[in-house]
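Structure at a glance
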Amino acid sequence: MSQFKPRVFSGMQPTGNLHLGNYLGAMLNWVRMQASHETIYCVVDMHAITQAMSVWGGPKELNTATRNVAAAYMAAGINPKRSILFNQSQVAEHGELTWIFNCVARLGWLNRMTQFKEKAGKDRENASVGLYDYPVLMAADILAYHATHVPVGEDQKQHLELCRDIAIKFNNDFGVDFFPITEPVIMGPATRVMSLRDGTKKMSKSDPSDLSRINLTDSADDIAKKIRKAKTDADGLPSDREGLEGRPEADNLVGIYAALAGMEADAVLKQFGGGQFSSFKNALADLSVAKLAPIAVEMNRLLADPGYVEGVLNDGANRARAIAAPIVKEARKIVGFVVG
Ligand code: AQP
């Protein structure tokens, strides 16, 4: 039996609007896990500033986006009394543990990170050191709480493997069993939601086309319009999963329907297979509006009281610090730092 009690940690960057991929890939599992686990959810503002300022918008935009994302978490079902909800930069232990982990992680490990390659693109020399170090900060986010489970979308799998490697190396180097070997929780029919314009590309905040994604702040009309305009091929909907092979757009829409309805993809195909794509799209548009439009309404209601959202983040930061401070203090002692 593990010495670590089950504890969940996860976060999202306040670099713009959250979208359906964030919601189905990660947040639905966050909400579910509140019932069974101790849960800590973070708005990772320190991660946001690793990208060019043109991406996160500057100080004013970052501040607003942090509040918006906190409100989105709550509107999607995160209960701040049950879960700890806070913004990363308020808990200094994240940065402190990152430094120790910077000295544990190896350059070769970071050189393999595909997200850095994608985000840095061709202009690698001009990427920030923070962008390169992103996965180490992510490991510190998780391990500062001795988190055992991290619900994320599939794109974060490699970063979580790095987090495990860091924990293992720290434990081996110092001859301790101090950090848990965290389990990724990548679960459900939509762990990788694809762009509505191109089924081979991940739905993402940074896609220049707003039609490629459904934002959690979209109006009911926009949601329905984007689903109806979503790219599809000329064939109808098949009755089984094999019929989706080589059809990434159709596969994506079926996965989205399944995740929103809480069904398996097979059951969706059983219900709609053999029919016209247009009628399936209508059903998907109705379901998406029914599930997502209330989130935007609730977000706006919460944001109308900025003092409330700020109070939640401050209270969450105090509760988070109370867990992280003794863990990081112990890590400093293990390393050999003189600790007062
Ligand atoms: N398309 C997706 N499908 C499933 N899960 C997804 N996630 C992100 N996109 C998808 C999951 O959402 C969480 C958000 O983490 P983040 O805010 O750090 O993600 P991000 O990389 O900024 O989000 P984007 O949209 O992917 O941004 P860009 O455009 O910058 O690449 C994570 O759990 C992630 O797996």
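In the block above lies the structure referred to throughout.
Counting restarts for each chain, with residues numbered from 1 along the sequence as it is written. Owing to the predicted nature of the model, reporting of local features is limited to residues with pLDDT of at least 70; listing and counting of side-chain atom pairs is limited to 80 or more, with chain, interface and lining totals taken over all residues. Calculation of side-chain values draws on the structure's entire complement of heavy atoms; hydrogens and water are dropped beforehand.

Considerations on the environment of serine 83
Structurally, the position occupied by serine 83 is in the loop between α4 (59-76) and β3 (84-87). Each residue is assigned to one of three classes by its accessible area relative to the maximum for its type, calculated with a 1.4 Å probe on protein chains only: buried under 20%, partly exposed between the two thresholds, exposed over 50%. Residue serine 83 is classed as buried on the basis of its relative accessible area of 0%. Sequence-wise, serine 83 and alanine 220 are 137 residues apart; in three dimensions their C-alpha atoms are separated by 29 Å. Contact criterion: two residues are considered in contact whenever any of their non-hydrogen atoms come within 4.5 Å of each other. When near neighbours in sequence (up to four residues on either side) are disregarded, serine 83 contacts Gln34, Thr39, Tyr41, Ile78 and Arg319. Helix numbering and strand numbering both begin at the N terminus, where a helix is a DSSP run of H or I of at least 4 residues and a strand a DSSP run of E of at least 2.

Points about empty space enclosed by the protein
Each cavity reported here is a set of points on a 1 Å grid over the protein atoms alone in which a 1.4 Å probe fits but cannot get out, each pocket an open set with protein on both sides within 12 Å along at least five of seven lines, and each lining residue one with an atom within 4 Å of a point. Grid points are joined across faces, edges and corners, and a volume is the space filled by probe spheres set on the points. All told, the structure shown has one cavity of 30 Å³ or more when counted by the stated rule. Approximately 40 Å³ is the volume attributed to the largest cavity. Taken together, Met113, Gln115, Phe116, Leu131, Tyr134, Pro135 and His159 form the lining of the largest cavity. Going through the elements one at a time, α7 (114-120) and α8 (129-143) are the ones with two or more residues in the lining of the largest cavity. When residues in the lining of the largest cavity are grouped by element, the largest group, three residues, is from α8. We call Asp, Glu, Lys and Arg charged. Ala, Val, Leu, Ile, Met, Phe, Trp, Tyr, Cys and Pro are nonpolar, and the rest, Gly among them, are polar. Its residues assigned to classes, the lining of the largest cavity shows five nonpolar, two polar and no charged.

Topic: the side chain of glutamine 156
The residue glutamine 156 is located in the loop between β4 (149-151) and α9 (157-174) in this model. Glutamine 156 sits in the buried class, given a relative accessible area of 12%. Those residues within four positions of glutamine 156 in sequence are excluded, and the remaining contacts are Gln115 and Met138.

Examining the packing of aromatic side chains
In this analysis, rings of Phe, Tyr and Trp, with Trp reduced to its six-membered ring, are considered paired at centre separations within 6.5 Å, and the interplanar angle assigns stacked below 30 degrees, edge-to-face beyond 60, and tilted for intermediate values. A complete count under the given rule lists 14 aromatic pairs for this structure. Taken together, the ring pairs in this structure connect Phe101, Phe170, Phe174, Phe178 and Phe179 into an aromatic cluster.

Overview of the site of the ligand
Here a residue is considered near a molecule or strand provided that any single heavy atom belonging to it is located within 4 Å of it. Every one of the 21 residues lining the ligand counts as a neighbour, but His19, Asp155, Lys202, Lys205 and Ser206 are closest to it. Histidine 19 is positioned with one of its side-chain polar atoms (N or O) 2.6 Å from an oxygen atom of the ligand. Polar contact is defined as a pair of N or O atoms within 3.5 Å, subject to the rule that within protein one atom must be able to donate a hydrogen and the other to accept it, and that residues adjacent in sequence are counted only when both atoms are side-chain atoms. A distance of 2.8 Å is found between an oxygen atom of the ligand and a backbone nitrogen or oxygen belonging to lysine 205. Here the shell around the ligand takes four residues from helix α1 (residues 20-33), the largest share from any one element.

Regarding the layout of surface pockets
In this model, the second largest pocket occupies a volume close to 270 Å³. Lining the second largest pocket are 16 residues, and of these Pro189, Ala190, Arg192, Asp251 and Gly255 sit closest to its centre. Looking at the lining of the second largest pocket element by element, the count peaks at five residues for helix α11 (residues 248-261). Partitioning the lining of the second largest pocket into residue classes produces eight nonpolar, four polar and four charged.

Things to note about the pattern of salt bridges
Whenever a carboxyl oxygen of Asp or Glu lies within 4 Å of a side-chain nitrogen of Lys or Arg, that contact is scored as a salt bridge. For the coordinates displayed, the defined rule picks out 17 salt bridges. Among the ionic pairs, arginine 247 bridges to aspartate 233, the shortest N-O distance being 2.7 Å. With arginine 247 in the loop between α10 (220-229) and α11 and aspartate 233 in the loop between α10 and α11, this pair connects stretches of sequence that are 14 residues apart. Taking the relative accessible area as the measure of exposure, arginine 247 reaches 9% and is therefore buried.

Some details on helix α14 (residues 306-335)
Structurally, the α-helix is built with 3.6 residues per turn, so residues lying three or four positions apart point the same way. Expected span of a helix: the number of residues minus one, times 1.5 Å. Look at α14: 41 Å from first C-alpha to last across 30 residues, which is about the 44 Å you get at 1.5 Å a residue. The bend at a residue is defined as the angle formed between two axes, one fitted to the seven residues ending at that residue and one fitted to the seven starting there. Residue alanine 324 marks the point of greatest curvature in α14, where the axis turns by about 30°; the proline proline 326 follows within four residues. Three or more residues of α14 are buried, namely Val309, Val312, Leu313, Gly316, Ala317, Ala320, Ile323, Ala324, Ile327, Val328, Ala331 and Ile334.

Some words on unusual backbone geometry
Trans peptide bonds make up most of the peptide bonds, and negative phi angles are found at most residues other than glycine. With a phi angle near 50°, histidine 146 is a residue other than glycine that sits in the positive phi range. Structurally, histidine 146 is set in the loop between α8 and β4.

Examining α9
Along its 18 residues, α9 runs 26 Å from first to last C-alpha, staying within 8% of the 26 Å computed at 1.5 Å per residue. Of the positions making up α9, those classed as buried are His159, Leu160, Leu162, Cys163, Ile166, Ala167, Phe170 and Asn171. Taken from the residues just after α9, glycine 175 is the one with a positive phi, measuring 65°.

Keep in mind these values describe shape, not function.
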